[in-house]
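# Observations on the model geometry
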Amino acid sequence: MFASLPMYHRAETSAALDDIWAALRDAIKDAGLKAPDTLDQDQIGIEAWLRPDMVLSQTCGMPFRKHLHPHVTLVGTLDHGVESCPAGYYNSAIITRVGALPANPKPSINDMLSQSGYAALLEVLPEPHDPILSGGHLNSAQLVAEGKADIAAIDAVTWRMIEAYDPFSDQLQVIQHTKPRPGLPLITALPKEQAAQLRTALDIGLKNADAAAKELLGIKGLVHIPASAYLKVKP
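These notes cover the structure that comes with them. (Residues numbered from 1 in each chain as written. Predicted model: local features only at pLDDT ≥ 70, side-chain atom pairs only at ≥ 80, totals over all residues. Heavy atoms only, no water.)

What follows is about the overall build of the chain. The number of helices and strands found in the chain is 9 helices and 12 strands. For 235 residues, the compact-globule estimate of 2.2 N^0.38 gives 18 Å, and the chain sits close to it at 18 Å. Projecting the C-alpha coordinates of the chain onto the three principal axes gives extents of approximately 60 × 35 × 30 Å. The proportion of buried residues among the 235 residues of the chain is 53%. (Helix = DSSP H or I, 4+ residues; strand = E, 2+ residues; numbered from the N terminus. Rg over C-alpha atoms; globule rule 2.2 N^0.38 Å. Buried < 20%, exposed > 50% of the residue type's maximum accessible area, 1.4 Å probe, protein only.)

Structure follows, in structure tokens:
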């Protein structure tokens, strides 16, 4: 079995995520469910999220909508307190280099199955031409800073971390934010009855989690957004 919270994992957040998982894990075990002692942050992507031994993981809205929802159970959504968004929702920062944007900007896209990095970009660039597939939001932002791409959509929480930790962010500007969308879904392969127990345990565990770890990640709490809210998002 495995658990992962990979979507905001980077060197500066690793210890905080481990601290939060320790509280969640203890609450899950107190509820009579099994949980791994540590997170396996390498477990990410459709293949991992479809594993039958997934206790808990975090995915993106588009993979959940397009591939995962018939096979996993939505447990909840972490509220990262994104400005101008309802609890549990987020948006994307549309970033460019400081200065004028070219007439036909070259986009950098983390993944074509990303709600925040691809679908969000379509709000301002309906037909992105010759995109660079970067493999990650951090890579996308760095490519724009280096002048190898002109524009990218960066999940607002990731952008907050880039501004805090990456000096190249001084070369970038936010030209707008996209519409709010439901945040990154927490999912499980557990059957629905156990998933309900898991949800209650996560509520308890998150309340007991280290306050400094939650502050570093901007976590305000756990909210319950229905699967239907994810499924109706377009594109």
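Turning to helix H6 (residues 156–165), its buried residues are Ala156, Val157, Thr158, Trp159, Met161 and Ile162. In this fold, the buried residues of H6 make contact with strand S5 (92–97), helix H5 (137–145), strand S8 (151–155), strand S9 (172–177) and helix H8 (211–217). At the N-terminal end of H6, a side-chain oxygen is found 3.1 Å from the backbone nitrogen of Val157, two or three residues along, and the residue is Asp155. (Contact = heavy atoms within 4.5 Å. Polar contact = N/O pair within 3.5 Å; in protein donor to acceptor, adjacent residues only side chain to side chain.)

Strand order in the open sheet formed by 5 strands is S1-S2-S11-S3-S12, with mixed pairing between adjacent strands. Among the strands making up the open sheet, the edge pair consists of strand S1 (2–3) and strand S12 (221–223). The sheet contact formed by strand S3 (residues 73–79) and S12 spans 3 bridges and is antiparallel. Residue pairing across strands places Asp79 opposite Gly221, the latter belonging to S12. (Pairing = 2+ DSSP bridges.)

Right, let's get into helix H7 (residues 192–208). The end-to-end C-alpha distance of H7 is 24 Å, a good match for the 24 Å that 17 residues give at a rise of 1.5 Å each. Along H7, the residues that are buried comprise Ala195, Leu198, Ala201, Leu202, Gly205 and Leu206. When H7 is viewed along its axis, its buried side chains cluster within an angular range of 130 degrees and face the same direction. When the buried face of H7 is taken as reference, the exposed residues oriented beyond 90 degrees from it are Glu193, Lys207 and Asn208. (Expected span 1.5 Å × (residues − 1). Arc of directions from axis to C-beta.)

On to the packing of aromatic side chains. Considering all chains together, one arrives at 1 aromatic pair under this definition. Ring centres of Phe64 and Tyr230 lie 5.6 Å apart, and the angle between their planes is 70 degrees; on these two criteria the pair is classed as edge-to-face. A residue pair is termed long-range when its members are at least 10 positions apart, and Phe64 in helix H3 (residues 61–68) and Tyr230 in helix H9 (residues 227–231) qualify at 166 residues. Like Tyr230, Phe64 is buried. (Phe/Tyr/Trp six-rings, centres within 6.5 Å; stacked < 30°, edge-to-face > 60°.)

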